[in-house]
Amino acid sequence: MSEIRIAKRYARAVLSTALKSGTLEILYKDLTFIKNVIKESRELDLLFKNPIIHKEKKIEIIRILFEKRIDKISIDFINFLIHKGRDVIITDMIDSFIELYNDYHGLLIVKVIGFNPISDEQRSKIIERLEKLTSKKINLSFILDKSILGGIIIQIADTVLDSSIKRRLELLKAHLLKAS
């Protein structure tokens, strides 16, 4: 079974348990914090992926790093993953949990990549159209990327709507090469 599928199973189990125990918001806050710490620390990321480091040492490091920053239930969950040998998928599991959390709350994360900044009016129109289309509340983030040469790219989960000039030029080039 792929690591992503395993991560999603653990995420579903955590969500279900958190809903039953009333700890959903605590877990969301803590797991988001842990994800950000791992993302910013290459050493911590490598720690989870290193099979040579003993489980007890990893658990001790987690305790030292997070004991005063996150709830005990979150530390217990991370320790459980380490004991089960699933520490390699911690970031994938957290990503899956965040997706499930957002879905539970009817929230859809949308990333817009553009050559030029978008105005507040454009932002509002994009949000309004996507909310009508998906029947979910939209959380939109914008990334400025001059490499796309113009246009925008909209990324919603695994779906990418690419209307950038860079993409159009790539398609034109492929078409011209195929025709010759």
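The structure this text deals with has already been given above.
Being a predicted model, the structure only gives us computed values, none of them experimental.

1. Focus: the pattern of salt bridges
No. 1: The full count for this structure, using the stated rule, is 11 salt bridges.
No. 2: Here Glu60 and Arg63 are joined by a salt bridge, their closest N and O atoms 2.4 Å apart. Of the two residues, Glu60 and Arg63 both sit in helix H4 (residues 55-66), three residues apart, roughly one turn of that helix.
No. 3: A residue is classified by how much of its surface remains accessible, and Glu60, at 33% relative accessible area, is partly exposed.
No. 4: Note on Arg63: relative accessible area 33%, which makes it partly exposed.

2. Focus: the packing of helix H1 (residues 3-21) against helix H6 (residues 90-104)
No. 1: Their axes nearest at 8 Å, the elements H1 and H6 cross at an angle of 50 degrees. Viewed along their axes, H1 and H6 adopt a mutual orientation that is oblique. Relative to H6, H1 is oriented so that their crossing is right-handed. Of the residues in H6, those touching H1 at Ile4, Ala7, Lys8, Tyr10, Ala11, Arg12, Val14, Leu15 and Leu19 are Asp92, Met93, Ser96, Phe97, Leu100, Tyr101 and Tyr104.

3. A word on the sheet that holds strand S3 (residues 152-156)
No. 1: Taken in spatial order, the four strands of this open sheet run S2-S1-S3-S4, and their pairing is mixed. Both edges of this open sheet fall to strand S2 (137-144) and strand S4 (159-162), since each of them pairs with a single strand only. Between one strand axis and the next, the sheet turns through 20 degrees on average, direction left out of account.
No. 2: Across the sheet, helix H7 (residues 120-134) is in contact with strand S1 (107-114), S2 and S3; its angle to S2 comes to roughly 140 degrees.

4. Considerations on the nonpolar core
No. 1: Leu31, Ile34, Ile78, Met93 and Phe97 are the most contacted members of the largest nonpolar core, which totals 31 residues.
No. 2: Broken down by secondary-structure element, the contributors of at least two residues to this core are H1, helix H2 (24-40), helix H3 (42-49), H4, helix H5 (72-83) and H6.
No. 3: When residues no more than four places from it in sequence are discounted, the contact partners of Met93 are Ala7, Tyr10, Ala11, Leu31, Phe77 and Leu81.
No. 4: Counting residues in hydrophobic clusters, the runner-up holds 11 residues, among them Val112, Ile118, Leu130 and Ile154.

Rules behind the numbers
- Residues numbered from 1 in each chain as written.
- Predicted model: local features only at pLDDT ≥ 70, side-chain atom pairs only at ≥ 80, totals over all residues.
- Heavy atoms only, no water.
- Salt bridge = Lys/Arg side-chain N within 4 Å of Asp/Glu carboxyl O.
- Helix = DSSP H or I, 4+ residues; strand = E, 2+ residues; numbered from the N terminus.
- Buried < 20%, exposed > 50% of the residue type's maximum accessible area, 1.4 Å probe, protein only.
- Axes fitted to C-alpha atoms, helices over the stretch in contact; angles between N-to-C directions.
- Parallel < 35°, antiparallel > 145°, perpendicular 65-115°, else oblique.
- Left-handed = near helix turned anticlockwise from the far one by under 90°.
- Contact = heavy atoms within 4.5 Å.
- Pairing = 2+ DSSP bridges.
- Core = buried A, V, L, I, M, F, W, Y, C linked by side-chain atoms within 4.5 Å.

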